[in-house]
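A structural walkthrough
Next come the chains, spelled out residue by residue.
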Amino acid sequence: VALLEGSTQLMREKTGLAHSEACLHHLCRILSRIKSHFQLVELAKPPQYHVWLQSLATFTEEILAAWRAGSTRSVHYLVRLWGALVLPTPYLRMRDGLSRSYDNDG
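Residues numbered from 1 in each chain as written. Predicted model: local features only at pLDDT ≥ 70, side-chain atom pairs only at ≥ 80, totals over all residues. Heavy atoms only, no water.

With that out of the way, let us pick up the side chain of Thr8. In this structure, Thr8 sits in helix α1 (residues 2–13). Ignoring sequence-local partners within four residues, the contact set of Thr8 consists of Val51, Trp52 and Ser55. (Helix = DSSP H or I, 4+ residues; strand = E, 2+ residues; numbered from the N terminus. Contact = heavy atoms within 4.5 Å.)

This is the structure:
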């Protein structure tokens, strides 16, 4: 929970990220390792997960929009994280009986 809250705050406030490509790169590396240390089922349990996921989506959009400005090394880590988050989604849906609610969303 603390990891989700802390990384959400960093992604939203961007403290120190605007002035240092190295800090941005290291944050992206940390984010990419979150999924390798936790199962998606574990990550999705806390209520902070939805806020974290939305912050991650916004943060990723911003990084992708500015990739030519020097954040190309960081893009790899974000893409890797999204791949790791998306891969187990069908299993999670079947396991938790969520397929109907996702299919009806649209």
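On we go.
Core analysis: the biggest nonpolar cluster contains 20 residues, and Leu31, Trp52, Leu56, Phe59 and Leu85 have the highest contact counts within it. Elements supplying a minimum of two residues to this core: α1, α2 (21–37), α3 (40–44), α4 (48–65) and α5 (72–86). Dropping the residues within four chain positions of it, Leu85 is found in contact with Lys35, Leu40, Leu43, Tyr49, Trp52, Leu53 and Leu56. (Core = buried A, V, L, I, M, F, W, Y, C linked by side-chain atoms within 4.5 Å. Buried < 20%, exposed > 50% of the residue type's maximum accessible area, 1.4 Å probe, protein only.)

Orientation of α4 relative to α5, taken along the N-to-C sense of each, is 140°, at an axis distance of 11 Å. With respect to α5, the element α4 is oriented oblique. In the packing of α4 onto α5, the handedness of the crossing is left-handed. Here α4 contributes Tyr49, Trp52, Leu53, Leu56, Ala57, Phe59, Thr60, Ile63 and Leu64 to the contact with α5, which in turn contributes Val75, Leu78, Leu81, Trp82 and Leu85. Of the residues in the contact of α4 with α5, the class split is 13 nonpolar, 1 polar and no charged. (Axes fitted to C-alpha atoms, helices over the stretch in contact; angles between N-to-C directions. Parallel < 35°, antiparallel > 145°, perpendicular 65-115°, else oblique. Left-handed = near helix turned anticlockwise from the far one by under 90°. Nonpolar A, V, L, I, M, F, W, Y, C, P; charged D, E, K, R; others polar.)

Checked against the element boundaries, Lys45 lands in the loop between α3 and α4. Residue classification places Lys45 among the exposed positions, given a relative accessible area of 65%.

Helix length check: α2, at 17 residues, gives a terminal C-alpha distance of 25 Å against a target of 24 Å (1.5 Å per residue), a fit within 8%. Considered for burial, the residues of α2 that qualify are Leu24, His25, Leu27, Cys28, Leu31, Ser32, Ile34 and Lys35. Projection of α2 onto a plane perpendicular to its axis shows the buried side chains occupying an angular sector of 165°, all on one side. Across α2 from its buried face, at more than 90 degrees, point the exposed residues Ser36 and His37. Summarising the contacts, the buried residues of α2 are in contact with α1, α3, α4 and α5. (Expected span 1.5 Å × (residues − 1). Arc of directions from axis to C-beta.)

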